[in-house]
Amino acid sequence: MREAIRLSIENVESGRGGPFGAVVVKDGAIIARGTNEVTSTNDPTAHAEVVAIRNACKALGTYQLDGCEIYTSCEPCPMCLGAIYWARPDKMYYGNTKEDAAAIQFDDQFIYQEIELPKDRRHLPTEQLLRDEALEAFAKWESSELKKLY
């Protein structure tokens, strides 16, 4: 956890991004690090946890983090929490709370609220198109012998 916190502080001091850091640990050793790179890479998905997960998966040569733990300097936003669940580490630890983040203008509460709303009441206009055509990929996946389940 101290390394995730150190990374978050270093990221602010360097001006490379927001005050967030994360590390992935396997067998007691850090195998990957990540910091918030949203503004330095112009990538809204480059949160510290996502960067650390990408780096860890690359280092391990796998798309899941079985046997790993993730340490993040702040309670994850909805996107990062989803990514952590998809990566399937054994455990997650965090330092600051989402309320601490909101106090410095990193407030994700609106996303949690939007998820609960019916699609037609969300702030982002959303419309389904071409479902029948899109289902073709799902049908092909279902019968594919090339798929890897995850």
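Participant: Just checking my understanding: could you explain a nonpolar patch on the surface for this structure?
Facilitator: Together, Y63, W86, W141, L149 and Y150 make up an exposed nonpolar region whose accessible area comes to about 680 Å². Along the polypeptide, W86 turns up in helix α4 (residues 78-87). Take W86: its relative accessible area is 56%, and that puts it in the exposed class.

Participant: Could you clarify how one ought to interpret the packing of helix α3 (residues 48-60) against α4 in this entry?
Facilitator: Each pair of packed helices gets described by two things: the angle between the helix axes and the distance between those axes. One way to put it is that α3 packs onto α4 with a least axis distance of 9 Å and a crossing angle of 25°. When the axes of α3 and α4 are compared, the pair comes out roughly parallel. The element α3 and its partner α4 pack so that their crossing is left-handed. Within the contact between the two elements, α3 uses E49, V50 and I53 and α4 uses M79, C80, A83, I84 and A87. The residue inventory of the contact of α3 with α4, partitioned by class, reads 7 nonpolar, no polar and 1 charged.

Participant: Looking at this structure, how should I read the layout of surface pockets?
Facilitator: Over the atoms rolls a probe the size of a water molecule, and in doing so it shows where empty space is left. Reported here for the largest pocket is a volume of approximately 360 Å³. F20, C77, A101, F106 and D108 are, among the 23 residues lining the largest pocket, the residues nearest its centre. Of all the secondary-structure elements, those providing two or more residues to the lining of the largest pocket are α2 (38-41), α3, α5 (98-103) and α6 (109-116). Broken down by class, the residue content of the lining of the largest pocket amounts to 11 nonpolar, 6 polar and 6 charged. Approximately 150 Å³ is the volume attributed to the second largest pocket. Contributing to the lining of the second largest pocket are F110, I111, E114, I115, R122, H123 and L124. Of the residues assigned to the lining of the second largest pocket, the class counts are 4 nonpolar, 1 polar and 2 charged.

Participant: Would you take a moment to explain the packing of aromatic side chains for this structure?
Facilitator: Geometry of an aromatic ring pair is reported as the spacing of the ring centres plus the angle between the planes. On inspection of all chains with the given rule, the structure shows 2 aromatic pairs. Judged by centre distance (4.6 Å) and plane angle (15°), the ring pair of Y71 and Y93 falls under stacked. Taken together, the residues Y71 in strand β3 (residues 68-74) and Y93 in strand β4 (residues 91-96) connect sequence positions 22 residues apart. Positioned over the ring face of Y112 is K98, at 4.5 Å from the centre of the ring.

Participant: Is there a simple way to explain the sheet that holds β3 in this structure?
Facilitator: Two strands in a sheet stick together by hydrogen bonds in their backbones, pointing the same way (parallel) or opposite ways (antiparallel). A sheet is described by the order of its strands in space; here 4 strands give the open sequence β2-β1-β3-β4, paired in mixed fashion. A strand with exactly one partner marks an edge of an open sheet, and here the two such strands are β2 (29-35) and β4. The average angle at which neighbouring strand axes cross in this sheet is 15°, direction not considered. For β3 and β4, the ladder comprises 5 bridges, and the chain directions are parallel. What sits directly across from E69, in β4, is K91. In the packing of helix α1 (residues 2-14) onto the sheet, contacts are made with β1 (21-26), β2 and β3, and the angle to β1 comes to roughly 150°. Its contacts with the sheet place α3 against β1, β2 and β3, and it is angled at close to 140° to β2.

Rules of the game
- Residues numbered from 1 in each chain as written.
- Predicted model: local features only at pLDDT ≥ 70, side-chain atom pairs only at ≥ 80, totals over all residues.
- Heavy atoms only, no water.
- Patch = residues over 30% accessible without salt bridge, like charges linked within 9 Å, V, L, I, M, F, W, Y side chains within 5 Å.
- Areas by Shrake-Rupley, 256 points an atom, 1.4 Å probe, with all protein chains shown as cover.
- Salt bridge = Lys/Arg side-chain N within 4 Å of Asp/Glu carboxyl O.
- Helix = DSSP H or I, 4+ residues; strand = E, 2+ residues; numbered from the N terminus.
- Buried < 20%, exposed > 50% of the residue type's maximum accessible area, 1.4 Å probe, protein only.
- Axes fitted to C-alpha atoms, helices over the stretch in contact; angles between N-to-C directions.
- Parallel < 35°, antiparallel > 145°, perpendicular 65-115°, else oblique.
- Left-handed = near helix turned anticlockwise from the far one by under 90°.
- Contact = heavy atoms within 4.5 Å.
- Nonpolar A, V, L, I, M, F, W, Y, C, P; charged D, E, K, R; others polar.
- 1 Å grid on protein atoms, 1.4 Å probe; cavity = no way out; pocket = protein on both sides within 12 Å on 5 of 7 lines; lining within 4 Å.
- Points joined across faces, edges and corners; volume = space filled by probe spheres on them.
- Phe/Tyr/Trp six-rings, centres within 6.5 Å; stacked < 30°, edge-to-face > 60°.
- Lys NZ or Arg CZ within 6 Å of the ring centre and 35° of its normal.
- Pairing = 2+ DSSP bridges.

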